[in-house]
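# Examination of the molecular architecture
Residues per chain, in single letters:
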Amino acid sequence: QVQLVESGGGLVQPGGSLRLSCAASGSIFSIYAMGWYRQAPGKQRELVAAITSGDSTNYADSVKGRFTISRDNAKNTVYLQMNSLKPEDTAVYYCNAMAGTNQAYWGQGTQVTVSS
């Protein structure tokens, strides 16, 4: 089992920045990839960014050049640095971990609201 706890969401003005954190615990040795997804009201959950155990990264086209995913192995934490935020980035952001044989784990979600 893997437990994920997110933090760092909130309200920010357009053009502002936020950093989300996701701390993993439990069977962290089995994790081979982690990522951030988001879900806006009335829309499907979508991948925002992902990072593998080999540090390969992948981003949604809509956030390339604005968001950066990174990790601190010593803290078992993955970060999502979000810059130049837009109102369309408003959503609940979920941390995801893939472990073992394609077992998916999810955090509880953190709200990000971009509004003036």
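### Examining the packing of aromatic side chains
- Following the criterion strictly, the structure yields one aromatic pair and no others.
- Look at tyrosine 37 and tryptophan 106: their rings are 5.0 Å apart centre to centre, the planes differ by 70 degrees, and that puts the pair in the edge-to-face class. With tyrosine 37 in strand β4 (residues 31-39) and tryptophan 106 in strand β10 (residues 103-106), this pair connects stretches of sequence that are 69 residues apart.
- Taking the relative accessible area as the measure of exposure, tyrosine 37 reaches 23% and is therefore partly exposed.
- Here the guanidinium or amino end of arginine 45 rests over the ring plane of tyrosine 94, the centre of that ring lying 3.8 Å away.

### Observations regarding the state of the cysteines
- For the structure on display, the rule yields one disulfide.
- Each disulfide pairs two cysteine sulfurs, and for cysteine 22 the partner residue is cysteine 95, the sulfurs being separated by 2.0 Å. Disulfide cysteine 22 to cysteine 95: torsion about the S-S bond roughly -80 degrees, handedness left-handed. With cysteine 22 in strand β3 (residues 18-26) and cysteine 95 in strand β9 (residues 91-99), the pair connects residues that are 73 residues apart, well separated along the chain. In terms of burial, cysteine 22 and cysteine 95 fall into one category: buried.

### Quick notes on the sheet that holds β3
- Judged by pairing direction, the sheet is antiparallel, and its four strands sit side by side in the order β1-β3-β8-β7 without closing on themselves. Edge positions in the open sheet fall to β1 (2-7) and β7 (67-72), since each of these has one partner strand only. Geometrically, the sheet is characterised by an average inter-axis angle of 20 degrees between neighbouring strands, direction not taken into account.
- Where β3 meets strand β8 (residues 77-82), six bridges bridge the pair, whose relative direction is antiparallel. If you follow arginine 19 over to β8, its bridge partner there is glutamine 81.

Definitions and limits used
- Residues numbered from 1 in each chain as written.
- Predicted model: local features only at pLDDT ≥ 70, side-chain atom pairs only at ≥ 80, totals over all residues.
- Heavy atoms only, no water.
- Phe/Tyr/Trp six-rings, centres within 6.5 Å; stacked < 30°, edge-to-face > 60°.
- Helix = DSSP H or I, 4+ residues; strand = E, 2+ residues; numbered from the N terminus.
- Buried < 20%, exposed > 50% of the residue type's maximum accessible area, 1.4 Å probe, protein only.
- Lys NZ or Arg CZ within 6 Å of the ring centre and 35° of its normal.
- Disulfide = S-S within 2.5 Å.
- Pairing = 2+ DSSP bridges.
- Axes fitted to C-alpha atoms, helices over the stretch in contact; angles between N-to-C directions.

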